[in-house]
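Structural characterization, general
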Amino acid sequence: MLKDLGAIERPSVTESEKEFYTPAEMREMLVAVRRELLPQLVLCAYAGPRKAESGRVDWGQVKLDRGFVELKGRQSKVGQRRLAPLTGLAADWLRPAVRENGPIAHYQHADKFNAAVSEDVNRVRLKQNLKPDFRWKNNGLRDSLISYRVAAIKNVPQVALEAGNSPVMIQRHYLEVVSEEEAKEYFGIAPPTTPK
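Just so we're clear, the structure is a prediction, and the values are computed from it rather than from any experiment.

1. Details of helix 7 (residues 156-163)
Of the positions making up helix 7, those classed as buried are Val156, Val159, Ala160, Glu162 and Ala163. Seen from one end, helix 7 has its buried residues packed into an arc of 165°, which puts them on one side. Away from the buried face of helix 7 by more than 90 degrees, exposed residues Pro157 and Leu161 are located. Sitting at the head of helix 7, Asn155 places a side-chain oxygen 3.0 Å from the backbone nitrogen of Gln158. Count one or two residues on from helix 7 and you reach Gly164, which has phi positive near 70°.

2. Details of the nonpolar core
Judged by nonpolar contacts, the single largest core of 51 residues is most densely connected at Met26, Met29, Leu30, Tyr46, Val62 and Leu141. At seven residues, helix 2 (residues 38-46) tops the list of elements feeding residues into this core.

3. Thoughts on the pattern of salt bridges
Where charged atoms of side chains with opposite charge meet at close range, the side chains can pair. Using the criterion set out here, one finds 16 salt bridges in the structure. Measuring nitrogen to oxygen at the nearest pair gives 2.9 Å for the salt bridge that ties Asp120 to Arg123. Taken together, the positions of Asp120 and Arg123, both in helix 5 (residues 110-127) and three residues apart, correspond to about one turn of that helix. The buried category is assigned to Asp120, whose relative accessible area is 0%. For Lys154, the salt bridge goes to Glu180, with nearest N and O atoms at 3.3 Å. In this pair, Lys154 sits in the loop between helix 6 (140-153) and helix 7 while Glu180 sits in helix 9 (residues 180-187), placing the two residues 26 residues apart along the sequence. By relative accessible area, which is 34% here, Glu180 ends up partly exposed. Shared partners join several salt bridges into a network, and the residues in it are Arg34, Glu119, Asp120 and Arg123.

4. Some thoughts on helix 8 (residues 167-174)
Among all positions of helix 8, only Ile170, His173 and Tyr174 are buried. Burial along helix 8 is one-sided: seen end-on, the buried residues are contained in an arc of 90°. In this fold, the buried residues of helix 8 make contact with helix 6 and helix 7. Positive backbone phi, approximately 60°, marks Glu176, located one or two places after helix 8.

5. A few points about the side chain of Arg82
On the secondary structure map, Arg82 appears in strand 3 (residues 82-85). For Arg82, a relative accessible area of 6% puts it in the buried group. At 3.1 Å, the side chain of Arg82 forms a polar contact with the backbone oxygen of Glu162.

6. Describing the sheet that holds strand 3
The sheet built from three strands is open, its strands ordered 1-2-3 with antiparallel pairing. Among the strands making up the open sheet, the edge pair consists of strand 1 (62-63) and strand 3. Pairing of strand 2 (residues 68-71) with strand 3 involves four bridges; the strand directions are antiparallel. Each bridged residue has a counterpart across the sheet, and for Phe68 the counterpart in strand 3 is Pro85.

7. Describing the environment of Asp58
Within the secondary structure, Asp58 sits in the loop between helix 3 (51-54) and strand 1. It is 9.4 Å that separates the C-alpha atoms of Asp58 and Leu71, two residues lying 13 residues apart in sequence. Each residue touching Asp58, except ones within four places of it in the same chain, is listed here: Asn101, Gly102, Pro103 and Ile104. Reaching out from Asp58, the side chain makes a polar contact with the backbone nitrogen of Gly60 at a distance of 2.8 Å.

About the thresholds
- Numbering of residues starts from 1 in every chain and runs along the sequence as written.
- At least 70 in pLDDT is required for a residue's local features to be given in this predicted model, at least 80 for side-chain atom pairs to be given and counted, and no such filter applies to totals for whole chains, interfaces and linings, which use all residues.
- Side-chain descriptors were evaluated using all non-hydrogen atoms of the structure, hydrogens and water having been removed beforehand.
- Throughout this description, buried means an accessible area under 20% of the type-specific maximum (1.4 Å probe, protein chains only), exposed means over 50%, and partly exposed covers the range between.
- Note on conventions: DSSP H or I runs of at least 4 residues are helices, E runs of at least 2 residues are strands, and numbering of each starts at the N terminus.
- The arc under discussion is defined with respect to the helix axis, by the directions toward the C-beta atoms.
- For the purposes of these results, a polar contact is taken to be a pair of N or O atoms within 3.5 Å, where, inside protein, one atom must be able to donate a hydrogen and its partner to accept one; residues adjacent in sequence count only when each atom of the pair is a side-chain atom.
- Buried residues of nine kinds, namely Ala, Val, Leu, Ile, Met, Phe, Trp, Tyr and Cys, make up a nonpolar core once their side-chain atoms join them within 4.5 Å.
- For this analysis, a salt bridge means a side-chain nitrogen from Lys or Arg found within 4 Å of a carboxyl oxygen belonging to Asp or Glu.
- In this description, contact between two residues means that some pair of their heavy atoms is separated by no more than 4.5 Å.
- One requirement defines pairing of two strands: DSSP has to find at least two bridges between them.

Laid out in structure tokens, this is it:
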């Protein structure tokens, strides 16, 4: 009977290609989104929580003065607490919206957030007489953060710790997919000097 098991075809698992946003696309999103979506966008793009995790973060967990977001074990996919650094100019983007407590996410459901960001970007494109063809990239914000962070600090174990991932996964999917120059541009996106 056991020899018959060899005849069973094993399913093949195809790993999806990681998608990330260019610095130009990230700048476009940050400038285009409505005020209530900006904190969650910044959190996802510059601290890298997973989609579901970002909807569970409270302002009390954002430590602007210390430069990180505390993701509690009950909020994390893997059930472990982690401190996700606020990279780039995230604190500058978040400071005008910061509150003592309350949810960061305007939409708890990731699909609603994704659709709203896409809608905002395409609305701005239409106003600028551009083709409204902005496309949401599945896990694009997290994939962007990890890709650019690896390029910027060149420390796979550190990025793995920050992202709540394994060094093997970081090396396999995110190493050398963007350049150090692109990382500098991504992390250097500053808020506009005039408020929305």
